[in-house]
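The chain contents come next:
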Amino acid sequence: MALLGRQLEDAAALGQAVDDLLVDPPTLLALGEPTHGIAAFPLLRNELLGHLVDRGYRSIVLEIDFFAASLVDDYVNGAEADLDVVLASGFSHGFGAIPGNRELVDWLRAHNAGRAPQDRVHFYGFDAPVEYSGAPSPRHSLSTAIEYLPAALRPDLDLEPLLGDDAAWTNPAAMYDPSASIGLSDRARSLRVVADDVASTLRRAAPRLQPAGYATAAAHARTALGLLRFHAAMATPTPDRMALLLGVRSEMMADNLLAIVAREQHRGPSLVFAHNVHLHRTEDTSAGALVALALGDRYAVITSDANPASTPGTLQAVLAEATTRRALFPVPALLAALGPVVAGEPIVPGHLPLNPADLTGADAVIFIADTDGVRHQYW
């Protein structure tokens, strides 16, 4: 097994191993982490990004809110702002406090300074504007999409009776109690028809809109529809309700990723960094599985894991024995060499250790042996 692992002692070795793995750069390269908040994974990402930019990559995409991330992109492209504010407001889920993200933003701003627009590295988020506590009203996204329409094409109706009080949409009890959600009410159903009509009208109006304006309007329209679907899922009292919510979120994530790929395709490939579960090609409710359907072999996945105290008989123990500091294992060779193993124990809440079934959804695994596994508080 040790012979299968490419040891990644430094950034140069990391870059060479990825070059050898991906002879033809994919349009979208995914790097996954098994949990959030452990410094080793975003630091690995930062190292890899520096190499990929030299290879023509011109954007990085993180698991944060699609719209909030535009504040970070403005900053890394030279806008004057307080970095602490950018980290707090531009990163949803509290991710601005995760070690490695401040360093990433600093590096991007310094790299982009003085470069021509086509050579700058853009920063994106691909997540839906939802949190564990619930989802916002579709008011902002739907209203913004409508404002981009030519006046003659705007819907002739008053949205206020349908939207109502935003507090009804943001009620935190709705995340756990379907009866507390208004997502299947008559007015919510009517709003979904309106949002669908607005999205369709925008597509028809696209030739007369500026490309950047259309891209923004289309993003708001698809977000309004996604939020209304998410609220409908919250109101659905089924045993698999949480899986349904995750599936709607994954659909929104995938749509955002594909929109970013379309926007960036003329400049270069993109790197996306997120939790492994969002990126695997074979995960039933993952954005990666949906993106893979659209991109095929233009989508590549490198998953990662770590465990400072791997239990014998686990996949993590096998990988740890073949790793000094960090090592990359191509999945086909790894699967061929693996004996019967199981997934190890989580090292922190939210850590989902890789199991053999996960491997088929990736092209390679990077195992990190030199981390203490401590998660930094970010929320």
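Relevant structure appears above.
What counts, and where the lines are drawn
- Residues numbered from 1 in each chain as written.
- Predicted model: local features only at pLDDT ≥ 70, side-chain atom pairs only at ≥ 80, totals over all residues.
- Heavy atoms only, no water.
- Buried < 20%, exposed > 50% of the residue type's maximum accessible area, 1.4 Å probe, protein only.
- Helix = DSSP H or I, 4+ residues; strand = E, 2+ residues; numbered from the N terminus.
- Pairing = 2+ DSSP bridges.
- Core = buried A, V, L, I, M, F, W, Y, C linked by side-chain atoms within 4.5 Å.
- Contact = heavy atoms within 4.5 Å.
- Axes fitted to C-alpha atoms, helices over the stretch in contact; angles between N-to-C directions.
- Parallel < 35°, antiparallel > 145°, perpendicular 65-115°, else oblique.
- Left-handed = near helix turned anticlockwise from the far one by under 90°.
- Nonpolar A, V, L, I, M, F, W, Y, C, P; charged D, E, K, R; others polar.
- Polar contact = N/O pair within 3.5 Å; in protein donor to acceptor, adjacent residues only side chain to side chain.

Things to note about the pairing of strand β5 (residues 270–275)
Regular strands have side chains that alternate between both faces of the sheet.
Part 1 of the argument: Of all six residues in β5, six are buried; the element is thus mostly enclosed.
Part 2 of the argument: Where strand β2 (residues 28–33) lies against β5, six bridges are found, and the strand directions are parallel. Considered in β5, the bridge of G32 is made with A274.
Part 3 of the argument: Pairing of strand β3 (residues 59–65) with β5, which is carried by four bridges, proceeds in the parallel orientation. The residue of β5 that forms the bridge with V61 is V272.

Brief notes about the pairing of strand β8 (residues 364–368)
Part 1 of the argument: With five of five residues buried, β8 lies mostly within the body of the structure.
Part 2 of the argument: Residues of β8 alternate between two faces, with A364, I366 and I368 on one and V365 and F367 on the opposite face, all of them buried.
Part 3 of the argument: Of the pairings in the sheet, the one linking strand β7 (residues 326–330) to β8 comprises five bridges and is antiparallel in character. Each residue of the ladder has a partner; that of F329, found in β8, is V365.

A word on the nonpolar core
Part 1 of the argument: Counting residues in each nonpolar core, the largest one holds 45 residues, and the members touching the most others are L29, F91 and F123.
Part 2 of the argument: Top element by residues in this core is helix α2 (residues 40–54). It accounts for seven residues.
Part 3 of the argument: Sequence-distant contacts of L29, defined by excluding residues within four places in its chain, comprise V18, L22, L52, Y57, S270, L271, V272, A300 and I302.
Part 4 of the argument: Core analysis: the next-biggest nonpolar cluster, separate from the first, contains 36 residues, V61, V291, Y299 and F329 among them.

Points about the packing of helix α9 (residues 186–205) against helix α10 (residues 211–234)
Part 1 of the argument: Between α9 and α10, whose axes approach to 9 Å, the crossing angle comes to 160°. Overall, the two elements α9 and α10 adopt an arrangement that is roughly antiparallel. Crossing handedness for the pair α9 and α10: left-handed. Residues A188, L191, R192, A195, D196, A199, L202 and R203 of α9 touch α10, and the partners they reach there are Y214, A217, A218, A221, A224, L225, L228, R229 and A232.
Part 2 of the argument: A per-class count over the contact of α9 with α10 returns 13 nonpolar, no polar and four charged.

Overview of the side chain of N276
Part 1 of the argument: Structurally, N276 is set in helix α12 (residues 276–279).
Part 2 of the argument: The class of N276 is buried, set by a relative accessible area of 3%.
Part 3 of the argument: Of note is the side chain of N276, whose polar atom sits 2.9 Å from the backbone oxygen of S304.
Part 4 of the argument: If near-sequence neighbours (up to four positions away) are discounted, N276 is found in contact with G32, E33, P34, T303, S304 and L354.

Thoughts on the side chain of S304
Part 1 of the argument: By secondary structure assignment, the location of S304 is in strand β6 (residues 299–306).
Part 2 of the argument: Exposure remark for S304: the relative accessible area of 0% places this residue in the buried category.

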